[in-house]
Structures are given as C-alpha cells and as structure tokens.
Amino acid sequence: MSSLRVRAALAGRDVDLTLDVAEGCVTAIVGPNGAGKTSLLHLVAGLARPTSGSVRIADREVAGATSVPVHQRRVALLTQRPALFPHLDVLANVAFGPRAAGCSAAEAQARALAELDAVGCADLASRRPQDLSGGQAQRVAIARALATDPDVVLLDEPLAGLDIAVATDVRHALAARLRGRTALLVTHELLDVWTIAEQVAVLEGGRVVESGPVADLLARPTSTFLGRLSGTNLFTGTALSDTILQIAPGVNLHGLPDPDQPLAVGMAGLASVQPAAVAVHLSDPGGSPRNHLAAQVTGIEPRGHYVRVNLTVAGQPLAADLTGQAVAELGLRHGLAVHAAIKATQVRLYGR
Amino acid sequence: MSRQLCAGLAAALLLTACAPASSGSGNTDLVVFAASSLNPTFATLGKEFEAAHPGVTVRFSFDGSAALVDQLKAGAPADVFASADKANMDKASTAGLIGNSPVQFTTNALTLIVPKGNPAGITGLDASLDNKLLVVCADGVPCGTATKKLAAALGVTLKPVSEETKVTDVRTKVESGQADAGIVYVTDAKASGGKVDTLPIAGADKARNSYLIGRVLASKQASLAAAFVTLITGERGQQVLETAGFGG
Amino acid sequence: MIRPPLPRWLLLPVTAAVVFLGVPLVALLARVPWTRLPALLSAPAALDAFWLSLRTCALTTLVALVLGLPLALLLSRGKGRWAAAGRTLATVPMVLPPVVAGLALLVALGRREPLGGWLAASGVDVAFTTTAVVIAQTFVAMPYLVVSVEGALRSAPDDYAIAAATLGASPTTVLRRVSLPLVAPAIASGAALAFARALGEFGATLTFAGSLQGTTRTLPLEIYLQREVDTDTAIALSVVLITIAALLVAATARFSRGAWSQP
C-alpha cells in the first residue's frame, strides 16, 4: 500500500488541489457538484494531466515532470457503472487484470476466485455480466479492481445506482475489502463516510477546504458543505468571548465552548446547532433561551414526520425542524419574519 | 385486406404499362438492331435514309450480336437486324425471327494494332509478341471467334493477357498504352485513327466475318425495312462501308 | 403494450416495393434452365470463374481487414477537420460508379503513369494480373468495412477501455482483448458486406485488370461474356451469384442482431 501526494492544478477547470493520503488509509472525498472531486480522481488515475504541480504515489512521481500512462500507474478505478466486459464471463473479468500483468491463466484464475470469494460472489464465476443484478455486478467490479493489487483504489460514487438494501450489502463488502488499502472514495452519502472511510476531505470550488479524521470533522465541521452533509447548522463569526460568537454586527450567538477546540477571543470561530434545537416564534419570545434571533423564512420542506423550515439569520442559513402541526398553527410561509430561539446549551462553539 | 392487395397490384401494373411512348410527333419509327461494330457507319446511313424518307425516324440499337438475338427472341420490337457473323443470324433464322432470306452485305477482317509509336516493337503475329501484353476479343463473341479461327488458320499460338467481351475494350486498352498490342477489326483500327499504329496481318482474309442483314418477321414496317436493306446493300451503302474499312 | 397501428394505405406502396424488387429476381429464377444447370455450372470456364472469385474476394476481405480496421479505429477517435476529411476519403469509393473507380486505378497504376511505370520498371507487374483484381476489389469494398466498424466503435461507451487501462492493460492489450472483441459483430458484418461487394465488383476489374479465364475473369466478368455467347450459362451463373449474395446478407443480418447488450 502506498501513500498518495497530490499537489496538482488543472487550470482549465479551475482546480488546484493539495491532498495527502497516508498509506493504507481510506479517505472520503465530499463536496458540492462541480467542486472538482472527479477531477481529483482523474488526476490520480492518469485520465487528466495536471497543468502544473505533481501527483506522487509511494514517492514515485506519476504526473508532473514525468508522466506515467494510465495502465502503468497501478491505480484501480471503480465508478457507478461497473463496466464489466460483456464478452467475458465473471471469472475472466476478474482475472483480466492479473492476465494483463503477465500471470499465467491458472494463476490469474486462482487469484480471481480468491477475490470473488472475498466479496461473496464465488458462485457467480461462470455467469455473464448481463445476467448479474446491480449489486452483484458492483461486487464483481470490486473484486476485479482488487485482483490487480493496486497501489491506490479510486471510487466514484460506487453505490449511487443501487437500491438501498443492496447498497447496504455492497457498502459492507467495500468496507471490509478496502480496510488497509490506500483509497479515495467520492461520495454524497454520510453513511459511506462513517462506514468505509477513516479520513474525509471536503472539496469546494476546486480546492480542498478541510480534511481530517472522520469523527473529528463531522463533530466539528468547518465547511458549510460538511455541516449540511452531517445535518448540522453552522455559523461562522468572530469570538467575542469563549462563550459568545459574533456572527454579524449586533448579532451574537451564546453557546458552550468545545473543550477540545476552544474559541480564541478575537479569532474566527464556528457555532454548530442541530436543527431540532431551533424553536420558531412569531414574535420575540423572551424566556430562558439566550439566543433570540430575528429571522426570515426562506423555505419549507415537508419531510415525513417533521418539516424542515429554512431560515436566514443575519445573512447565514439556519435550518429548523418543526412538526407539521406547529408549522400550520404558526401559519409559516415563505418571506415571513419570525424569531428563532435557541438555548445556549444547544450551541457548540469552537475555534477554526 | 385483399382488396388493398389487388389495388396495389393493379397500381404496379399500371405503372409498368405507362412506359413512355416511343413515337415522336406522329413520325414513323424504323427500329434497326445492329452489331456494335456497325456504329457509326449505320448511323450515317440512317441519317441519309431519314432524309430520303421524310417522316421516318430511324432508331438504332447497337449491341453484341448475341445480345440482340436474345432481345429479338424475347419479343423486342425491331424492323431490321444486322449481325456481325453468320452464326448469330442463323440463330435468329432458326428461331423464325427473320423474314425472307437474310443477305450478306459486307465482311470485316482482323488486324493488329499497337499503341502509337509501337513502344514494344511488335512486328506482327510472330515471336515479337512473346512476353508482351497482347489483348484480343474473347472466343464466343464474333470478333473473338474470328480471331481464334485466324490464329488456327495461320498456325500461330496466341497468348493474350486479356480476352475482352467487347472489341471496343480491346481498342481502348491499346490506345491508352495499357496493352502492347491488340487484335481488332479493320474498321476499329480506322476508327482509332492516329492513336494507334496498324500492322496488317498477312492472311487475315482467311478469317473474315460475314455480316448479314435481314428484315425482322414481326416488323410492321415491311416495305420501309426492305427499303433500308436495299440502301445498305446498294451502291451508297457499300461505299460508306468500304470507306470505314469493311469489305475489301 | 400494443403499438398504435400503421395506416392501412401503406400497403399500397409496400406491395409496389415488393413487386419492384421481387419481380426481376423471380423472373430470373424462372428462366433458369434447371435441367442443364449442373452441366453449365461444371463447365471449366464457369468453375474457374467461381474459384477465382472466391479466392480474390477472400483475399480482398483480408486486406480490407488489415488496412481497414486501423483506419476505422483512428477515425472513431477523431474529431475535427482531419477526421472528417479521412472519413470522406474512406467513403468516396462507395459512391463512385465502378467504371470511375477503374479509371482512377488505371490512371494511378497504369503502365504509362509515373507510379505504375516505376512499379513496372522495378519488375512489379500489376496490369492484367490477379493482383490487379484484388486491388480493384479492395478499393471498392474496403469502405464498407470501415464504415461498419467505425460506426460501432463510435457508439461503444468509453467505460470499457478506461476500465481495462486502469486494470493494467497496455493500449495494444485493450485493443486486442476489449475494444475489438466488443465490436466483433460489426467487424463480421462489415467483412461480409465487403466480401459481397468484392464479389459483385465488375466495372473497376474490367477496366483495370482485364479479363482472362482463371487469372482475372471473375464471376461477374464471366457472366458479362456469356451474355454474348450463351444466355443460359449467363443466367445459371447469375443464380450462383444471387445465392451467394443472399447468404452473405443473411449472415450479416444475423451478426448485427447478436450485438452485445449492456450489463
């Protein structure tokens, strides 16, 4: 397994990436559409050439001053479409990589069977790809990719086309097979991040805006994207004290400081609030909650048992989860001016 | 459903029946089937015939003699048939297609032609042809049958590299220099003019083609057809034919 | 789900079309001298023409594959003006009247021409040889292969080639084990079409290669000759040609049906 170092740019696509992946570490890549996630994968795989910078795999430069062609990079790529070769049966598909590397037919077949067994598809060896279900095909694709023992495994939303139940099975197979391998997993699913990855990197606007261990980043996201992905409201502002964050002139948030990453007075900071902790009133309610914020309704999304009400507070978004009954009683609608009340104990403040 | 089928068939038949009418503005047509080698001599004589018979248009169909016989057998409308050899006229007569006995009106002899300047240095039907590109007509077409007969009569073995179906193809190959030599009719050599050099074959008279002409039995212009035959066999016709290289 | 029916009046032009296409073939079959057929077809000239045609067409198809496949591969990747020009070049022989094709070959390789003259001087004799037949046939038949294969390559998704490359297959291996096998049906049907076109090739061969039994007189040329000599033989040989052509077309249809479906 190898470490991966990306310091590369694609001028035409406005992408400038800096990313380090330790050996044997699965890193989830998240971000809004168009953020450059696929560009990152293409740079590592060799499907795109950097206009400047370099990509190094295990201390070997594969892009930059020297350019190693795709088929010599030892980088496997898995996408939404399994792309199993339709004219070969499952075993021949999985044995393709070893054969291309020069293994004898017998060796390649043995390897293939072992990989198929590891994903639970050994009984499909003689089937044709056309006869496989979506989940089966994707698992065979995983086996095929790993049969080559690649230095880096790249995955581009591999579970996106699958039913939820099937996706769960494949997710577990992926988690098991990728353990200990250097891998980049592009995904929109929080569950993938939790189940499969150890590290996560957030891409926005062609740049890596934050990266780190999964648990840390999801607990204390600094990018709005990650905040939204993990279902938390995130405010940015300046710390006035260790319990007060100024998010706009005259608008302060009171909260509890995070012991691991406390606010530094005068420095930039973040406040995170769960949508369920936000109460909405038609007029300033007073009472114990420290935070009464003037807000405006920007959207109402029914979500089954609850309703997500999107508000704006001092120019930053705030999501509140209310019951349908509450929304109806208050007569909430787009454009209405309301007050949001949040207990300070429900707001977590941490430094950047 | 079957009604539509009938309607469809009827429409198809109607379309085929609506073939464009052959006649011009009330003119009488005289259709002459003639061997290819009789073009352009017959065309010239045809014009003279039209001048002598106002209101008559002479239409020619020039093709291989055998193909013309087939067409006549299939019932193609014609008034006169002129064949490049006796064999084909016999075929037509045997099939009962020809009226009163057909008559021989001219002959044609074979000659050797080479590209202008004779680059391969051919001297005749002799050893100078060895390893050279000789093109002749294929045995079976009148020109080719005559060539075979001539070679046998002269006791020479010809080794052509190509045996063409049409004598004009032999001509063009020699004219363009693709071939070193070719055996064609004297009339063809004359028609090629300055593009080729002609080397007369000694003893070519031994294999002259007989050209026969006859009125088609099914013709509706019996007297006109007879008049045309008379023109061809008469002094004027013979004159034009001789100028082109026939007879002799 | 039932599809809305086609209008009934379509039956009229369809009948006309069937009659138009079918009548000449039926008429020809009706004129075949069935009792004389074995004798006619076993005549030395006929057999020579038949085997010569098969030999040259097989060779032509081979040459078309060797030269046409790389061309199709390149054209399928090409964008822009060069690709468009290449594609035009590859397709023009398809729409040329055969005698024009023959003329073009003559002007290029004829003895009196610069290139042809140089070849002749170097001892390479092309004129009036079986080689000339293969050249003429390849010139008119190769486009059919190129067009068939290029179309299939263009519409094939990129995924497979990319997957193969990431699995470590060199460009040659990708071609050999993935790209070409995936368009095998198109290659087969293109080859069958090329063979059929070569079989029917007449004008270019006549003009460029000449006509000599056993050397250059292919089946169509033999029919052309027999038309002047013995019509029955011409018809008998025509039936042979039609039969082979029909078999090839049927094979082509079967190949294009067996295309790989997406998993």
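The residue numbers shown here count from 1 along each chain, following its written sequence. Whichever chain is written first is A, and whichever ligand is written first is 1; the rest continue in order. Local features in this predicted model are restricted to residues whose pLDDT is 70 or higher, and side-chain atom pairs enter the listing and the counts only when it is 80 or higher, whereas totals over whole chains, interfaces and linings include all residues.

## Section: the overall build of chain C
Turning to step 1, where the next piece is worked out: Along its length, chain C carries 13 helices and zero strands.
Turning to step 2, where the next piece is worked out: Going from the N terminus to the C terminus, chain C shows its helices and strands as α-α-α-α-α-α-α-α-α-α-α-α-α.
Turning to step 3, where the next piece is worked out: Its C-alpha atoms put chain C at 65 × 65 × 30 Å along the principal axes.
Turning to step 4, where the next piece is worked out: The burial tally for chain C puts 40% of its 263 residues in the buried class.
Turning to step 5, where the next piece is worked out: In chain C, the share of contacts with a sequence separation of at least 24, taken over all contacts with a separation of at least 6, comes to 78%. A helix here means a DSSP run of H or I that spans at least four residues, while a strand means a run of E at least two residues long, and both kinds are numbered starting from the N terminus. Residue burial here comes from a neighbour count, namely the number of other C-beta atoms, placed from the backbone, that lie within 10 Å of the residue's own C-beta, with 20 or more meaning buried, 12 or fewer meaning exposed, and in between meaning partly exposed. Residue pairs qualify as contacts under a 7 Å threshold applied to their C-beta atoms, which are placed from the backbone.

## Considerations on the sheet that holds strand 8 (residues 181-185) of chain B
Residues and elements named next belong to chain B.
Turning to step 1, where the next piece is worked out: What makes two strands pair is DSSP finding at least two bridges between them. An order of 7-6-8-5-9 is seen for the five strands of this open sheet, with the pairing classed as mixed. Looking along the sheet, the strands with just one partner apiece sit at the ends: strand 7 (162-164) and strand 9 (196-199). Within the sheet, the average angular offset between the axes of one strand and its neighbour, ignoring direction, is 30°.
Turning to step 2, where the next piece is worked out: Where strand 6 (residues 134-137) meets strand 8, two bridges bridge the pair, whose relative direction is parallel. Paired with leucine 134 across the bridge in strand 8 is alanine 181.
Turning to step 3, where the next piece is worked out: What counts as an axis is a line fitted to C-alpha atoms, over the stretch in contact for a helix, and the angles between N-to-C directions run from 0 to 180 degrees. Contacting strand 5 (110-115), strand 6, strand 7 and strand 8, helix 5 (residues 142-154) crosses the sheet at an angle of about 115° to strand 6.

## Quick word on the interface of chain C and chain A
Turning to step 1, where the next piece is worked out: Between chain C and chain A, the contact holds 17 residues from the first and 24 residues from the second.
Turning to step 2, where the next piece is worked out: At the level of elements, helix 8 (159-166) and helix 9 (171-182) of chain C are the ones that each hand at least two residues to the side of chain C that touches chain A.
Turning to step 3, where the next piece is worked out: Ranked by the residues each element gives to the side of chain C that touches chain A, the list is headed by helix 8 of chain C, at six residues.
Turning to step 4, where the next piece is worked out: For this scheme, ten residues count as nonpolar: Ala, Val, Leu, Ile, Met, Phe, Trp, Tyr, Cys and Pro. Four count as charged, namely Asp, Glu, Lys and Arg, and the remainder, Gly too, count as polar. Among the residues making up the side of chain C that touches chain A, the classes are represented as eleven nonpolar, five polar and one charged.

## A word on the domain arrangement of chain B
Residue and element names in this part refer to chain B.
Turning to step 1, where the next piece is worked out: The start and end points of each domain follow an automatic or database-based domain assignment. Under the domain assignment, chain B is made up of domain 1 (28-107 + 210-244) and domain 2 (110-207).
Turning to step 2, where the next piece is worked out: The straight-line distance from the C-alpha centre of domain 1 to that of domain 2 is 27 Å.
Turning to step 3, where the next piece is worked out: Counting from both sides, the interface comprises eight residues of domain 1 and, opposite them, eight residues of domain 2.
Turning to step 4, where the next piece is worked out: Residues of the side of domain 1 that touches domain 2, tallied by class, amount to three nonpolar, four polar and one charged.

## Quick notes on the nonpolar core
Generally speaking, soluble globular proteins have nonpolar side chains that are buried together.
Turning to step 1, where the next piece is worked out: In this structure, Val44 and Leu154 of chain A are the most contacted members of the largest nonpolar core, which totals 176 residues.
Turning to step 2, where the next piece is worked out: Here the element with the most residues in this core is helix 7 (residues 130-155) of chain C; it accounts for 16 residues.
Turning to step 3, where the next piece is worked out: Those residues in contact with leucine 154 of chain A, other than ones at most four positions away along the chain, are Leu41, Val44, Ala45, Val75, Ala76, Leu77, Leu78 and Leu184 of chain A.
Turning to step 4, where the next piece is worked out: Counting 34 residues, the second-largest nonpolar core is a separate cluster that includes Phe33, Ala66, Ala84 and Leu212 of chain B. For the purposes of this analysis, a nonpolar core is taken to be any set of buried Ala, Val, Leu, Ile, Met, Phe, Trp, Tyr and Cys residues that are connected through C-beta atoms within 7 Å.

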